Amino acid sequence: MNLLSTLAERIQEVDRRITAACERSGRDRHDVNVVAVTKYVSLDNVREVVAHDVLHLGENRWQNAKPKWEAFSGLPANEQPVWHYIGSLQSNKAKDVIGKFTYIHSLDRVSLAEAIADRADKLGLVVPCFIQVNVSGEASKQGLEPEELEPFIQTLKQFPSIKPIGLMTMAPFEAEPEETRPVFRELRMLRDRLNAQGILDEPLTELSMGMSNDFEVAIEEGATWVRLGTILVGKEEA
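Residues numbered from 1 in each chain as written. Predicted model: local features only at pLDDT ≥ 70, side-chain atom pairs only at ≥ 80, totals over all residues. Heavy atoms only, no water.

A. How the structure looks around the packing of helix H6 (residues 149–156) against helix H7 (residues 181–197). Viewed as axis vectors pointing N to C, H6 and H7 meet at an angle of 55°, and their least axial separation amounts to 11 Å. Looking at the two axes, H6 sits oblique to H7. In this structure, the crossing between H6 and H7 has a hand that is right-handed. Between H6 and H7, the residues in contact are Leu 149, Glu 150 and Ile 153 and Leu 190, Leu 194 and Gln 197, respectively. Along the lines of polarity and charge, the residues of the contact of H6 with H7 split into 4 nonpolar, 1 polar and 1 charged. (Axes fitted to C-alpha atoms, helices over the stretch in contact; angles between N-to-C directions. Helix = DSSP H or I, 4+ residues; strand = E, 2+ residues; numbered from the N terminus. Parallel < 35°, antiparallel > 145°, perpendicular 65-115°, else oblique. Left-handed = near helix turned anticlockwise from the far one by under 90°. Contact = heavy atoms within 4.5 Å. Nonpolar A, V, L, I, M, F, W, Y, C, P; charged D, E, K, R; others polar.)

So, in structure tokens, the structure goes:
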């Protein structure tokens, strides 16, 4: 399938499905944001995505994102996309990512928080971060265990250059998306319990959850950011 000839249709279809999911769950469409996961597409196709006003882009490896980031970095600030780091981030790579990626979706350990804060402090930045939680308990998934979440957030208070804004999780891939619902529901409940406890200076407002296979269920359960790759931007043949 040719991305360039179908991108507008894909964007329209994704928006229709997001709108329908919001209507089913009584939510405002404007509360749901899309991160276009561009890790599998070329720079030319990323340019086309941005030209269609899809301005939030997600990458999970700096070495792959670097030429794409550099291609846009010379543009005026109001014309640049907003970069989201959505993959597991090695602490020694934080120096490459912080200052280039606005959002980090995968904060899950103190050593990474230290590396992010060190770089952010040097740049004079405050970095909005999602805390990644392994709700499903899969060994293959990154993230904190749910019971580790509260003490981790307490630890983050020593890093004023890190701003926790929400939680992130990845559900197992299921043939029936409905089967992912308990994972997304649990993440929302975790966020709400943390907010009710009042342990944060500011409440967590965001939930980064849902991908191409299950984003509608995630939205019904409260997702504020969905990370969409193949369904939106496609996947190029290697």
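Having seen the structure, we can now continue with the description.
B. Quick look at H7. Between its terminal C-alpha atoms H7 stretches 24 Å, which fits the 24 Å expected from 17 residues at 1.5 Å a residue. For H7, the complete set of buried residues consists of Arg 181, Val 183, Phe 184, Leu 187, Leu 190, Arg 191 and Leu 194. Among the structural elements, H6, strand E6 (162–168), strand E7 (206–208) and helix H8 (215–220) are those in contact with the buried residues of H7. One or two positions beyond H7, positive phi appears at Gly 198, with a value near 70°. (Expected span 1.5 Å × (residues − 1). Buried < 20%, exposed > 50% of the residue type's maximum accessible area, 1.4 Å probe, protein only.)

C. Layout of unusual backbone geometry. Of note, the phi angle at Asp 53 is positive, near 65°, even though the residue is not glycine. For Asp 53, the position within the fold is in the loop between helix H2 (43–51) and strand E2 (56–59). The class of Asp 53 is exposed, set by a relative accessible area of 64%.

D. Up close: the side chain of Asp 108. With respect to the helices and strands, Asp 108 occurs in the loop between strand E4 (103–107) and helix H5 (110–123). A polar side-chain atom of Asp 108 sits 2.7 Å from a polar atom in the side chain of Arg 109. With near-sequence residues (within four places) excluded, Asp 108 lies in contact with Gln 132, Gln 142, Gly 143, Leu 144 and Phe 152. (Polar contact = N/O pair within 3.5 Å; in protein donor to acceptor, adjacent residues only side chain to side chain.)

E. Highlighting the pairing of strand E1 (residues 33–37). Burial analysis of E1 places 4 of its 5 residues in the buried class, which makes it a mostly covered element. Examined bridge by bridge, E1 and strand E8 (residues 225–228) share 4 bridges and lie parallel to one another. Bridging from a neighbouring strand, Val 34 pairs with Val 226 of E8. Relative to E2, E1 runs parallel, the two being bridged by 2 bridges. (Pairing = 2+ DSSP bridges.)

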